[in-house]
Structure formats: C-alpha cells, structure tokens
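An overview of the molecular structure
One-letter residues, chain by chain:
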Amino acid sequence: MGIRFNEVSYGYSSFAQGLYTAIKDINLEITEKNEFIALVGHTGSGKSTLAKHMNALIFPTSGTLEIFGHTITNKRNKKIKYNDIRKKVGLVFQFPEYQLFEETVEKDIMFGPMNFKITKEEAKKLAKQSLNLVGLDDSYLSRNPYNLSGGEKKRVSIAGILAMDPDILVLDEPTSGLDPAGKRILMDLFKNINETTGKTIVIITHDMDLVYQYFNRVLVMNDGHLVFDGKTEVLFQKEDLTDYHLDYPNTIKVLKYLNQELNLNMNVFQKTNAEALAEIKRAVRL
Amino acid sequence: MKSIIIGQYIPGKGLFYRLDPRTKIIAVLLIMISVFLLETIEQLLIGLATAIVLLLIGKISILKVIKGLKPIMILLIFTFIFQIILNREGETIVSQQMYFTGYTLLLLILAFIVWRILNKLVKYRFTLFFLFAAGVFLILSYVDFGPKIAEPFTFNIYRAGLEMSFFVVVRLLIIITLSTVLTLTTKPTDLTQGLEKLMHPMKKIGFDSESFALIISISLRYIPTIFDEANKIMLAQASRGADFSEGKLKDKLRQVISLLVPMFIIAFMRSEELANAMESRNFVPGEKRTRINELYFSHRDIIATIFSFLILALAIVLKVM
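Residues numbered from 1 in each chain as written. Chains lettered and ligands numbered in written order. Predicted model: local features only at pLDDT ≥ 70, side-chain atom pairs only at ≥ 80, totals over all residues. Heavy atoms only, no water.

**Observations regarding the domain arrangement of chain B**
Bring the parts together and some accessible area is lost; that lost area is often taken as the interface size. The domain boundaries assigned to chain B delineate domain 1 (15-186 + 296-320) and domain 2 (209-285). In this structure, domain 1 of chain B and domain 2 of chain B have C-alpha centres spaced 36 Å apart. (Domains from an automatic or database assignment.)

In structure tokens:
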C-alpha cells in the first residue's frame with residue numbers, strides 16, 4: 001500500500017495571527033504502483049503542505065496519515081524510523097538552492113544514497129545513472145553545482161532524489177523556471193520513469209497544458225480543501241473551472257473560441273496541437 | 001521560537017501605540033536609570049507597581065508579558081539562587097545543618113529519576129522543578145544516618161543575601177517589562193527611525209546614524225526570513241535522508257554542513273537581491289531621504305516625557321536623601 005490520508009488537517013501557528021489552517025480534512029489515497037498524478041491549485045491552496053505530508057516531513061495537526069504501513073499522527077513516534085519513509089517517498093523541493101551544498105555535482109547526488117547506508121562505490125554508480133536519467137552527461141559530475149544554470153540545477157536536484165531510488169516520487173513544481181523545451185524533456189522523463197519502473201509519481205504544477213497531455217489522474221486543491229480527485233478529462237469537461245481558480249488548457253480554449261466565433265461544432269477536447277489541428281481540418285472541410 | 005515575545009511587535013491600539021518612538025525610547029531609558037538609582041526594596045516594589053500600572057494604562061495583556069518572560073525565568077532563578085548562596089552579610093535567618101551520607105546519595109539519585117520521569121508526564125514542569133529542588137533540600141538536611149561521605153556542613157541564608165536576591169530579581173523584572181513594552185508597541189521600522197533621529201546629533205563626531213539605523217532595521221527585518229529559509233533547507237535535506245537526531249558524529253558533521261552551505265549561499269543571494277532592489281529604487285547611501293510617515297511630537301508625547309523626567313527626578317531625590 002502507498003499513502004493514505006484520513007481526515008488530515010494541518011495548521012501553521014504564529015504568535016501574531018493565531019492558527020492558519022493550510023489544509024483541511026483531506027481524504028486521499030495514492031497507491032504505490034503505476035500512478036501518474038498531477039496536483040494543481042492556486043498559490044496558497046495547500047499543495048506544498050500536502051506534499052510535505054507525503055514523506056512525513058510535517059505531521060498532521062489532526063487526522064492520521066498512513067505511509068507504507070506506518071501510521072503518522074500529530075506526535076513523533078519513537079518506534080517509527082522516519083528515514084525509512086523518506087527513502088520510500090522521495091520529495092523534490094521547488095528551489096534547488098535549498099539542497100545543493102557539495103563542491104561537485106557527483107558528491108551532491110551521492111549525499112542522499114549515502115544517508116541510507118550504501119557504499120561509496122554503489123553511490124557513485126547511482127549518481128552517474130540518475131544524472132544521465134535527467135538528461136545531463138558525465139561531464140557534469142565534476143562540476144560545481146552552483147555554477148550551473150537554473151534548469152541544470154533543477155535537474156541535479158531531481159537526480160539527487162532519484163538516486164535514492166524511492167518507490168513514490170513527489171515533485172514540487174519541477175517545471176517552473178524552465179523553458180518550454182526543457183519542460184517537455186523533463187515531463188517526458190517523468191512519464192518514462194513512470195512507465196518503465198512503475199513508480200508512482202506526483203507532480204505539482206500550474207501548467208494546464210502539461211496536466212491535460214500527460215496525466216490521467218488529477219488532484220485539485222482549493223483553499224485547503226481537496227475539491228477534485230479524478231480523471232483529467234472529467235476535470236476539464238466541467239463548465240466553470242474559475243471556482244477552483246484554474247484555467248483550461250490552450251487547445252480547449254482555442255477550439256472553444258473558434259466554435260463560438262465561427263459557429264462550428266467541433267469536439268473541443270483535444271490534447272495535443274496535432275489533434276486539435278486535425279479536428280479543425282475536419283470541421284472546416286465539412 | 002515563536003513563543004518568545006521579547007523583541008516582537010504585536011499590532012494593537014493603546015496609549016503606547018500612539019506615542020512617538022523617540023518619546024518611548026527616551027522614557028524607557030530614563031525610567032531604567034531611575035530603577036538603578038533606587039536603593040530599598042520598598043522603593044523597588046513601588047517601581048514594579050508603576051510598571052504594572054503602565055501595562056494596564058497601555059491595555060497590554062499582563063498575561064502575554066508574563067508568558068514572554070518564561071525564557072528569562074531561568075536567568076532570574078539563577079541570579080536569585082546565586083545571590084542567596086554567595087552573599088554573606090547581615091544576620092543569619094536560616095541556619096540548617098546539612099549531611100551527605102551514602103543514603104543521601106541514593107535518595108538524591110532516586111529523586112532525580114522520579115523528577116525526570118514525572119517531567120515527561122506532567123504539564124507543570126516549573127512547579128515540578130521547584131518540588132524537586134525542595135526535595136533535594138529536605139534530603140540533604142534530614143537524612144543524617146548511614147555511612148558518611150562528606151563532613152556535615154551548615155547551610156546559611158543571610159538577611160542581606162535574601163534582600164539582595166529579591167532586589168536584583170525585581171529590578172530585572174522591571175527592566176525586562178519596560179523593554180518588552182517598548183518593542184511590543186513599536187514597529188521595528190519606527191524604532192529604528194526613532195533611534196536614527198535621536199542619534200542624529202552624533203553626526204558631528206563622525207557617527208553615521210542613518211546607516212546605523214538602516215543596518216539595524218535590515219537585520220531585524222531578515223531574522224524571520226532567515227529562520228524561514230533555514231526551516232526549508234532542513235526539510236529539503238531531511239527528505240534526502242539527513243536525519244539530525246541519530247547517526248554517528250562524523251555523519252552529523254556532514255549533515256550540519258549540508259545545512260550551513262545552502263544557508264550562507266541563500267543569505268548572500270538575498271543580500272545581493274536586496275541591494276539591487278534598493279539601487280533600482282534609487283537608494284543612494286548618505287543622501288537625504290524623505291519618509292512616508294514623519295515623526296511628530298503631540299501633547300501625549302510631552303506629557304509622557306515630563307512623566308518620565310519626574311520619575312527620574314524622584315529617584316535622584318530619594319538617592320540623595
């Protein structure tokens with residue numbers, strides 16, 4: 001079994017403002033195999049807080065959380081080895097600056113596996129493998145992580161988690177700050193990892209085009225509540241997504257607009273540009 | 001960290017919120033000086049009463065201030081105990097024969113264990129600590145049987161010691177309360193602006209009060225930000241398996257480095273960004289600047305200043321007489 005949330009709420013407390021509840025009564029189940037899930041929602045909706053629960057970095061204020069058979073409550077339990085959970089569920093943070101610290105990329109990627117009692121040689125091998133997996137060649141191994149470009153840093157930080165070989169991979173906005181081509185390369189990479197190894201991958205993103213094209217299951221957060229959990233197609237068939245502070249993918253928007261302006265009757269639910277084009281051609285020829 | 005009230009500003013509406021920061025700084029300084037001039041316990045108690053009345057007038061919840069005193073409590077208790085033990089003047093009030101035998105040692109260890117276990121279960125840890133201390137005292141004074149380990153000694157409390165310890169603690173209490181009132185009711189920006197204006201005359205001797213105030217306000221502003229960043233880094237490294245609670249010393253060292261390096265780099269990045277942002281808004285060091293909110297004295301400030309001067313005068317008169 002993977003991760004199960006039972007009525008989980010989490011509140012941040014501060015002296016001046018009192019308690020601020022970031023997520024409220026979340027019920028959710030994520031299986032450990034073959035899932036490819038998008039987590040979307042407006043800024044401040046609680047996506048990141050939800051993600052931090054998934055590898056027990058923070059504990060629920062109320063409710064319980066089950067991660068690979070360990071039950072997480074609001075108190076630290078001495079019997080649970082939290083490090084084991086973090087090995088099983090890898091979480092990549094949004095900004096790579098928070099985790100890069102070694103003088104070479106190789107050493108930095110090795111930091112994760114080495115924390116889980118793996119020999120140096122094995123860790124070196126893992127570092128090389130995972131670096132190649134994120135699309136960087138061996139010449140990067142000896143480079144200083146702080147002299148890389150933003151996109152490269154991001155990939156190195158993802159490689160750092162991949163090297164730990166987690167069963168479930170959670171990524172907080174892995175595509176933010178990347179150019180469009182870089183986004184696709186990275187998304188193809190995640191999809192590929194998901195398909196070849198069967199690892200469950202959860203990705204936080206704001207890009208609805210990516211959500212529509214790549215994901216089959218989508219979770220929508222709105223003001224701390226989980227308001228939607230289901231198939232991507234079902235989400236975008238909804239009439240009004242502004243309630244969720246979301247937008248439609250570009251293909252749907254363009255086709256809807258064409259339908260409206262030219263009085264056509266096209267099927268607007270096309271995932272890629274090519275499919276949309278084919279639909280337009282079909283409609284115009286008629 | 002969030003429970004520490006000292007140095008925090010909490011928005012509110014009361015008399016002290018409406019005072020000019022310069023007035024508040026001067027008044028706090030004057031009253032502090034007066035507190036140091038006081039010589040007898042009666043005078044100090046009146047001083048404490050005055051401080052409490054000031055809190056009431058300012059509509060500041062006394063409970064909040066007491067809560068904020070908690071971290072300083074340890075300091076207060078230590079001063080109290082050291083004064084009692086080390087000051088040996090005046091007549092003796094308490095004189096207790098103390099013994100140290102094998103049984104004493106045994107009982108002391110037992111008491112310690114009971115204290116540590118109860119500490120985990122009970123909520124009132126402070127009261128428990130006092131009970132433990134009292135228990136130690138009782139054991140030392142009444143368990144006089146068994147094999148002797150050390151020679152019996154007498155534990156004395158002297159009048160001057162008791163008075164002095166009480167005196168020092170009350171004085172500290174007043175000073176901390178006053179400074180808490182100052183920081184509680186004044187925004188950090190106002191506080192630094194007040195400091196800057198007050199130190200302005202020192203420019204004649206080459207002291208750049210504006211830069212000084214800027215340094216203070218930037219450092220104050222960045223304390224919570226840096227805490228936030230540190231927390232994020234800790235989570236990011238924890239999710240890479242850096243477990244800060246267990247592991248060998250060598251591993252721990254590495255894990256600490258994994259926190260420190262990103263911390264420094266982020267701090268440098270932040271400072272560079274801030275410098276760029278300030279420059280792009282035309283900040284030139286040393287130039288004359290205008291403020292959105294100019295400070296001005298009102299009749300309240302005059303009354304408050306006069307009041308604090310009166311207190312100082314009263315303290316001087318008491319001291320001279």
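**Structural notes on the packing of aromatic side chains**
Going through the model one piece at a time under the given rule, you end up with 13 aromatic pairs over all chains. A centroid spacing of 5.2 Å and a plane angle of 75° characterise the contact between Tyr212 of chain A and Phe236 of chain A, whose relative ring orientation is edge-to-face. Here Phe236 of chain A lies in helix α8 (residues 232-237) and Tyr212 of chain A lies in helix α7 (residues 208-214), a separation of 24 residues in the sequence. Owing to a relative accessible area of 1%, Phe236 of chain A belongs among the buried residues under this scheme. With centroids separated by 4.5 Å and ring planes inclined at 10°, the aromatic side chains of Trp115 of chain B and Phe132 of chain B adopt a geometry described as stacked. Here Trp115 of chain B is found in helix α5 (residues 102-121), whereas its partner Phe132 of chain B is found in helix α6 (residues 125-142), with 17 residues between them in sequence. Assigned by exposure class, Trp115 of chain B and Phe132 of chain B land together as buried. Directly above the aromatic system of Phe297 of chain B lies the positively charged group of Arg22 of chain B, at a separation of 4.6 Å from the ring centroid. The ring of Trp115 of chain B carries the charged tip of Arg116 of chain B above its face, separated from the ring centre by 4.9 Å. (Phe/Tyr/Trp six-rings, centres within 6.5 Å; stacked < 30°, edge-to-face > 60°. Helix = DSSP H or I, 4+ residues; strand = E, 2+ residues; numbered from the N terminus. Buried < 20%, exposed > 50% of the residue type's maximum accessible area, 1.4 Å probe, protein only. Lys NZ or Arg CZ within 6 Å of the ring centre and 35° of its normal.)

**Let's talk about the layout of surface pockets**
Using a probe with the size of a water molecule, rolled over the atoms, empty space left in the structure can be pinpointed. All names here are of chain B. Approximately 1,400 Å³ is the volume attributed to the second largest pocket. Put simply, the parts of the chain that give the lining of the second largest pocket at least two residues each are α1 (15-18), α2 (21-37), α8 (188-198), α9 (209-238), α10 (249-280) and α11 (299-320). Looking at the lining of the second largest pocket, the element that brings in the most residues is α9, giving eight residues. Taken together, the residues that form the lining of the second largest pocket break down as 17 nonpolar, ten polar and 14 charged. Of the residues that make up the lining of the second largest pocket, three or more belong to each of domain 1 (15-186 + 296-320) and domain 2 (209-285). (1 Å grid on protein atoms, 1.4 Å probe; cavity = no way out; pocket = protein on both sides within 12 Å on 5 of 7 lines; lining within 4 Å. Points joined across faces, edges and corners; volume = space filled by probe spheres on them. Nonpolar A, V, L, I, M, F, W, Y, C, P; charged D, E, K, R; others polar.)

**Quick notes on the side chain of Asp172 of chain A**
All names here are of chain A. By the secondary structure assignment, Asp172 is in strand β7 (residues 168-172). There is no salt bridge for the buried Asp172, and the closest opposite charge comes from Lys47, which lies 6.8 Å off by N-O distance. Separated by 2.9 Å, the side chains of Asp172 and Ser48 make a polar contact. Apart from residues no more than four positions distant in its own chain, Asp172 is found in contact with Ser48, Val92, Phe93, Gln94 and Ile204. (Lys, Arg positive; Asp, Glu negative; His and termini not counted. Salt bridge = Lys/Arg side-chain N within 4 Å of Asp/Glu carboxyl O. Polar contact = N/O pair within 3.5 Å; in protein donor to acceptor, adjacent residues only side chain to side chain. Contact = heavy atoms within 4.5 Å.)

**Comments concerning the packing of α5 of chain B against α6 of chain B**
Residues and elements named next belong to chain B. Running from amino to carboxyl end, α5 crosses α6 at an angle of 170°, the nearest separation of the two axes being 10 Å. Overall, the two elements α5 and α6 adopt an arrangement that is roughly antiparallel. Counting all contacts with α5, which are made through Thr104, Leu107, Leu108, Ala111, Phe112, Trp115, Leu118 and Asn119, the residues of α6 involved are Arg125, Leu128, Phe129, Phe132, Val136, Ile139 and Leu140. (Axes fitted to C-alpha atoms, helices over the stretch in contact; angles between N-to-C directions. Parallel < 35°, antiparallel > 145°, perpendicular 65-115°, else oblique.)

**Some thoughts on the nonpolar core**
Phe190, Leu235 and Phe236 of chain A are the most contacted members of the largest nonpolar core, which has 56 residues in total. In terms of nonpolar packing, the next biggest core, distinct from the first, is built from 41 residues, Ile26 and Ala56 of chain A together with Met263 and Ile266 of chain B among them. (Core = buried A, V, L, I, M, F, W, Y, C linked by side-chain atoms within 4.5 Å.)

**As for the packing of α8 of chain B against α9 of chain B**
All names here are of chain B. The contact between α8 and α9 brings their axes to 9 Å, and the two run at 160°. Taken together, the axes of α8 and α9 lie roughly antiparallel to each other. Regarding α8 and α9, the two cross each other, and that crossing is right-handed. Contacts between α8 and α9 involve Pro188, Thr192, Leu195 and Glu196 on the former and, on the latter, Ser209, Glu210, Ala213, Ile216, Ser217 and Leu220. Here the residues of the contact of α8 with α9 sort into five nonpolar, three polar and two charged. (Left-handed = near helix turned anticlockwise from the far one by under 90°.)

**As for the sheet that holds strand β6 (residues 89-92) of chain A**
Residues and elements named next belong to chain A. In space, the six strands of this open sheet follow the order β6-β7-β8-β3-β9-β10, with mixed pairing throughout. Looking at the sheet topology across the chains shown, the edges are occupied by β6 and β10 (225-231). Taken pair by pair, the neighbouring strands of this sheet meet at an average axis angle of 15°, ignoring direction. Here strand β3 (residues 36-41) pairs with strand β9 (residues 217-222) via five bridges, running parallel. Residue pairing in the sheet places Leu39 in a bridge with Leu219 of β9. Taken strand by strand, helix α5 (residues 150-162) contacts β6 and β7, and its axis lies near 170° from that of β6. Relative to strand β8 (residues 200-204), helix α6 (residues 180-197) is tilted by about 155°, and along the sheet it contacts β3, β7 and β8. (Pairing = 2+ DSSP bridges.)

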